[in-house]
Amino acid sequence: MISTPTSRLGRRGFLRGTAALAGAAGIVAGIGACAPSDDGGSGGGSGGDAPAGEENPDGHISAAIGYELGTNGYDPMTTTSALTLAVNWHTLEGLTELHPVTREAYAALASELPSADGTSIDVTLRDGAVFHDGSPVTAQDVVFSFERVQDPENASLYSQFIPFIESVEAVDDQTVTFTLTNPTGVFAERLSAVKIVPQAAVEADPEAFDSNPVGSGPWRMTDNSAASSIVEFERNDDYTGPLPARAMTMSWQVIPDPSTRTNALQSGTVQAIDSVPYLSIDQLEGTSTVESVGGFGLLFAMFNNSDDNPFNDVRNRQAFLYAIDMDEVIQTGLAGQAEAASCFVQEDHPNYQEASTVYSLDLERATSLFAETGLTSFRMLCTDHDWVAQCTPIIQQSLSAAGVEVQFEQRQSADVYTTIDGNPESFDVVIAPGDPSVFGNDPDLLMRWWYGADVWTENRMHWTGQPAYEETQTLLDQGLQASDPDEQQRIWGELFDLLSDEVPLYPLFHRSVPTGWDDTTLVDFQPISLTGLSFIDVASTEAR
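Let me sum up the structure you'll find in this document. (Residues numbered from 1 in each chain as written. Predicted model: local features only at pLDDT ≥ 70, side-chain atom pairs only at ≥ 80, totals over all residues. Heavy atoms only, no water.)

Remarks on the overall build of the chain
Right, so step 1: Tallying secondary structure elements over the chain gives 19 helices and 19 strands in all.
Right, so step 2: Whereas a compact globule of 544 residues would reach a radius of gyration of roughly 24 Å, the chain reaches 23 Å, a difference of no more than 12%.
Right, so step 3: A principal-axis box enclosing the C-alpha atoms of the chain has dimensions of 70 × 55 × 45 Å.
Right, so step 4: Each of the 544 residues in the chain was classed as buried or not, and the buried ones make up 57%.
Right, so step 5: For the chain, the share of sequence-separated contacts (at least 6 apart) that also reach a separation of at least 24 residues comes to 73%.
Right, so step 6: Split by element, the accessible area of the chain, about 20100 Å² in all, is 45% carbon and sulfur.
Right, so step 7: Looking at charge distribution, the chain has the averaged site of its 23 positive side-chain charges lying 3 Å from that of its 80 negative ones. (Helix = DSSP H or I, 4+ residues; strand = E, 2+ residues; numbered from the N terminus. Rg over C-alpha atoms; globule rule 2.2 N^0.38 Å. Buried < 20%, exposed > 50% of the residue type's maximum accessible area, 1.4 Å probe, protein only. Contact = heavy atoms within 4.5 Å. Areas by Shrake-Rupley, 256 points an atom, 1.4 Å probe, with all protein chains shown as cover. Lys, Arg positive; Asp, Glu negative; His and termini not counted. Charge placed at Lys NZ, Arg CZ, Asp CG, Glu CD.)

Structure (structure tokens):
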């Protein structure tokens, strides 16, 4: 068993060493920001020539994040927003964690990485773990944290990630026993979905905890951005885990406007930004390091599969996908920063295998299929994310070339889902982004997010109850219960093929995420494929 990532690579070398391992594992792929370099990365600007100086133990890290707090709080039982999730990576811990760079599981609050060869697993807490308020992390806090997620009254979306956990019991102050309905090969990874919180603090004031949760992570949040649009952190000197904070303080400016965010990095106001606009990469490379990392994050087409909708006919769903000139979408809309889908997961995913049906531009086939069904027009509802808005007009043009009229409408993401939820009369096709890999990276979780949850299958794509839906549920359950990796991969391969044939909702492409930073002042910083930024095991040369 592996107790911590540092047991293999050393604390400072963990990010760099595991980044190399991730390339072999197919989890993280560096892609050139403008044109691919020989090593697959895209160092640019001064950062490529001027490595960071000596780290300052009293240093300060400054960043700009492109996503607002919105209506979400920080409670890890309920939060799903990009900003709060990124904050919680730094301030909270599960028994295990998935490293934001490598997506490898490592022991966090657990003393070692557990396996699930049977249905009863003991997990021991690491020595000396304390919450930010000074109280010790106990086995009872672990039990409380899992039970509140699993309680149906709390309606936590994280409960769907641990359906195999039957019960969690405290053996003593430092040990818990998990009882499973069946052994599963994803046990260690899925434990990371539940963050361990102090029962006393949560029950004393749930609203205060939601605003500023008490965790055991390497950073402690000191300002939650509600009033200032800045999230402030300080180092947790009582942290006893494998990846302590390497600076004294950290601040994140919340800057949704992409131009303002880019200017903040160019001017030196911040040291790193997420979500570099694809069309601004060349400009930013003149002063900073920019790198795009490929991952699962995708743009999908979701079809209305209800009985009285034309996209209930699989021929129309397939025709839609054959009609799109995906090369044009990726090159023109995203400056080449994506790969067309050839499977539900991206090519660099460790469980990738090419699907039985791969969609590429075949105008003759698309036109023929539309002619067979008699479909001549439909409604396409799209989200207005800046990079999505660069792609959807090209998609509309491709479909028009196949002889169908597309009534195109663009709305804010929240408005799109408010419009379609439970309302099958409101749309035919939705184009939107998604990335459940922020919660985990195994194929079951990624597929179950869309194809196993009623909020999607019943209320949105209206696919529940159809034969392919029933077959998908059976295969999802079989894959989750398989403990042999080869058998699990075989089942997931069947699912990849089934979904590529039926396409009730399907990826158009998996995109790369461009990050910009100043590598003359940040030490050991690595960009990630997820939305947000990670400063786990990162240092700064600058004081505040």
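Some details on the packing of helix α10 (residues 314–323) against helix α12 (residues 363–373)
For any two helices packed against each other, one specifies the crossing angle of their axes together with the interaxial distance.
Right, so step 1: Two elements in contact, α10 and α12, have axes separated by 8 Å at closest approach and are oriented at 155 degrees. Taken together, α10 and α12 sit at an angle that is classed as roughly antiparallel. As α10 packs across α12, the resulting crossing turns out to be left-handed. Of the residues in α12, those touching α10 at R315, N316, Q318, A319, F320, Y322 and A323 are L363, R365, A366, L369, F370, E372 and T373.
Right, so step 2: Considered class by class, the residues forming the contact of α10 with α12 number 8 nonpolar, 3 polar and 3 charged. (Axes fitted to C-alpha atoms, helices over the stretch in contact; angles between N-to-C directions. Parallel < 35°, antiparallel > 145°, perpendicular 65-115°, else oblique. Left-handed = near helix turned anticlockwise from the far one by under 90°. Nonpolar A, V, L, I, M, F, W, Y, C, P; charged D, E, K, R; others polar.)

Structural notes on the nonpolar core
Right, so step 1: Counting 126 residues, the largest nonpolar core has L95, F146, F178, F320 and F509 as the members making the most contacts within it.
Right, so step 2: Of the residues forming this core, the biggest block, 8 residues, is contributed by strand β12 (residues 289–303).
Right, so step 3: One finds V87, A245, A247 and F525 within the second-largest nonpolar core, a separate group that totals 28 residues. (Core = buried A, V, L, I, M, F, W, Y, C linked by side-chain atoms within 4.5 Å.)

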